[in-house]
Amino acid sequence: MNEYDVAVIGGGAAGLSAALVLSRARREVVVIDAGEPRNAPATAMHGFLSRDGMSPAELVARGREEVVGYGGHLVDGVVTALRPAPCGGFEIVMADGSALIARRVLVTTGLRDEIPDLPGLRERWGRDVLHCPYCHGHEVRDQPVGVLGGTPDAVPHALLVRQWSDDVILFAHTGTLAVTEREQLAARDIAVVDGAVARMVIERDALTGVQLDDGRLVRRTAVFVRPAFVPNSELLTALGCAAHDSGWLVADPTGRTTVSGVWVAGNAVNPRAQVVTAAGEGSAAAIAINADLVDEDVARAVRELRAAQPA
């Protein structure tokens, strides 16, 4: 089978949640997933009611089972092109040359975290080099924690991380702190270490400190980094979906883009969406998509009824 009511591109929390809702609504749904989730390095996810502490891989595995249980279809692969189909709907082209057709498309391909090119950061990403204190702060509570500076929001990040530990150091790195920022940090007993950071120090498969360019070593067991978020939205922009000046896609509260028949959900449109948020956005998009399909089904049925009536 290669014709569906809805194709969901991306099989994380947002995509699988949408597919679950749509398959329960008796739609023919396919989920296409490249198998490269953003949260793969994390050993556990947190803040998801009833799923706190579950590994991201287990959540996906359970979600896939539920979708299949309701008749949904799963395809493992990479989508290379998304374009209007000659007879209506959309053609989704895969890297292996295969293609399928869908009346509606939901894209949940997430985002990419761009972090500084410092030795040790990428290797420890999601383990003891972290970005979201709501996701990981509790796990490093009361530990000696660092926050890497050099970004415009480094100070607010450090002030937030302070909620979980009273031993927080902001490494200014390549940033310059204003007098008012230093005052705020001092008021919250957050130390500032000036000077560029050279690398993360890793010993026995654990982060143990931060080394500066001048050789100084500051012992830390976790470091928070605020990455640059880059949406994986190339498929949608190539299709003609509008984006804001910031690069993030234009979408209404249900995820409907500026191209009719196309929705987006999760981190592909909302950089702050955690796993539970992304799942909710996928569900909301699915309900909107099904309503749109119902409208189309009704309009088609009315046309067929009228055509069948005697003149």
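Use the structure listed above.
A short tour of the structure in this document, coming up. (Residues numbered from 1 in each chain as written. Predicted model: local features only at pLDDT ≥ 70, side-chain atom pairs only at ≥ 80, totals over all residues. Heavy atoms only, no water.)

**Notes on the overall build of the protein chain**
Heads up, the condition is: Every helix listed is a DSSP run of H or I at least four residues long, and every strand listed is a run of E at least two residues long, numbered separately from the N terminus. Per-residue accessibility, obtained with a 1.4 Å probe over protein chains only, is compared with the maximum for each type, and a residue is labelled buried under 20%, exposed over 50%, and partly exposed between these values. For this analysis, residues touch if any pair of their heavy atoms sits within 4.5 Å. Using the Shrake-Rupley algorithm and a 1.4 Å probe, accessible areas are obtained, with residue cover drawn only from the displayed protein chains. A residue counts as positive if it is Lys or Arg and as negative if it is Asp or Glu; His and the chain ends are not included. Charge coordinates come from a single atom per side chain, which is NZ of Lys, CZ of Arg, CG of Asp or CD of Glu.
Within the protein chain one finds seven helices and 17 strands. Here the protein chain holds 311 residues, and 45% of them are scored as buried. When contacts within the protein chain are restricted to residue pairs at least 6 apart in sequence, long-range pairs at least 24 apart make up 55% of them. Here the protein chain has roughly 15400 Å² of accessible surface; of this, 52% comes from carbon and sulfur atoms. Each charge class in the protein chain can be summarised by its mean position, and for the 29 positive and 39 negative side chains these summaries are 3 Å apart.

**Quick look at the packing of aromatic side chains**
How we decide: Any pair of Phe, Tyr and Trp rings, taking the six-membered ring for Trp, is counted once the centres come within 6.5 Å. Such a pair is stacked with planes under 30 degrees apart, edge-to-face with planes over 60 apart, and tilted for the rest.
Applying the stated criterion to the full structure yields one aromatic pair. Aromatic pair Y134 and W164: ring centres 5.5 Å apart, planes at 90°, arrangement edge-to-face. One end of the pair, Y134, is in helix α3 (residues 133-136); the other, W164, is in the loop between α4 (154-161) and β10 (168-171), with 30 residues separating them in the sequence.

**A look at the pairing of strand β6 (residues 99-107)**
For clarity, the cut-off: When DSSP locates at least two bridges between a pair of strands, those strands are taken to pair.
β6 sits mainly inside the fold: seven of its nine residues count as buried. In this structure, strand β1 (residues 3-9) lies alongside β6, joined through six bridges in parallel fashion. If you follow Y4 over to β6, its bridge partner there is A102. The turn linking strand β5 (residues 90-94) back onto β6 is made up of four residues, and G97 within it adopts a positive phi angle of 95°. Inspection of the sheet shows β6 paired to strand β17 (residues 262-264) by three bridges, in the parallel sense. Residue pairing for β17: V105 is matched across the bridge by V262.

**Regarding the sheet that holds strand β13 (residues 207-212)**
What counts here: To obtain each axis, a line is fitted to C-alpha atoms, and for helices this fit is confined to the stretch in contact; angles are then taken between N-to-C directions over 0 to 180 degrees.
In spatial order, the strands read β12-β13-β14; together these three strands make up an open sheet with antiparallel pairing. Every other strand in the sheet has two partners, leaving β12 (197-202) and β14 (217-219) as the edge strands with one partner each. Strand-to-strand twist of the sheet, defined as the mean angle between neighbouring strand axes without regard to direction, takes the value 25°. Relative to β13, β12 runs antiparallel, the two sharing five bridges. Each residue of the ladder has a partner; that of M200, found in β13, is V210.

**Brief notes about helix α7 (residues 275-308)**
Short version of the rule: Helix span, as expected, comes to 1.5 Å for every residue beyond the first.
Over its 34 residues, α7 runs 49 Å from end to end, which matches the ideal 50 Å to within 8%, given 1.5 Å per residue. Along α7, the positions that sit buried rather than exposed are A278, A279, G282, A285, A286, A288, I289, N290, D292 and L293. On its buried side, α7 packs onto β1, α1 (13-24), β6 and β17.

**A few points about the nonpolar core**
Quick note on the threshold: Only buried residues count toward a nonpolar core. Its members are Ala, Val, Leu, Ile, Met, Phe, Trp, Tyr and Cys residues joined through side-chain atoms within 4.5 Å.
Counting residues in each nonpolar core, the largest one holds 23 residues, and the members touching the most others are I9, L82, I92 and L236. Per element, the largest residue contribution to this core is four residues, and it comes from β6. Not counting residues within four places of it along the chain, the set of residues in contact with L236 comprises L82, V107, C241, L249, V262 and V264. Counting residues in hydrophobic clusters, the runner-up holds 19 residues, among them V6, L16, W263 and A285.

**Here's the deal with the packing of α4 against helix α5 (residues 179-187)**
Note the threshold: When describing relative orientation, an angle under 35 degrees is termed roughly parallel and one over 145 degrees roughly antiparallel, while 65 to 115 degrees is termed roughly perpendicular and anything else oblique.
It is the contact of α4 with α5, at a shortest axis distance of 10 Å, that shows an interaxial angle of 10°. Between α4 and α5, the interaxial angle falls into the category roughly parallel. Contacts from V155, A158 and L159 of α4 reach α5 at E181, Q184 and L185.

**Quick notes on the side chain of D33**
As a reminder of what qualifies: A pair is scored as a salt bridge if a Lys or Arg side-chain nitrogen falls within 4 Å of a carboxyl oxygen belonging to Asp or Glu.
Its place among the elements puts D33 in strand β2 (residues 29-33). Despite its burial, D33 remains without a salt bridge, the nearest opposite charge being carried by R64 at 4.4 Å. Ignoring anything within four residues of it in the chain, the contact list for D33 reads G10, G11, R64, V75, D76 and G77.

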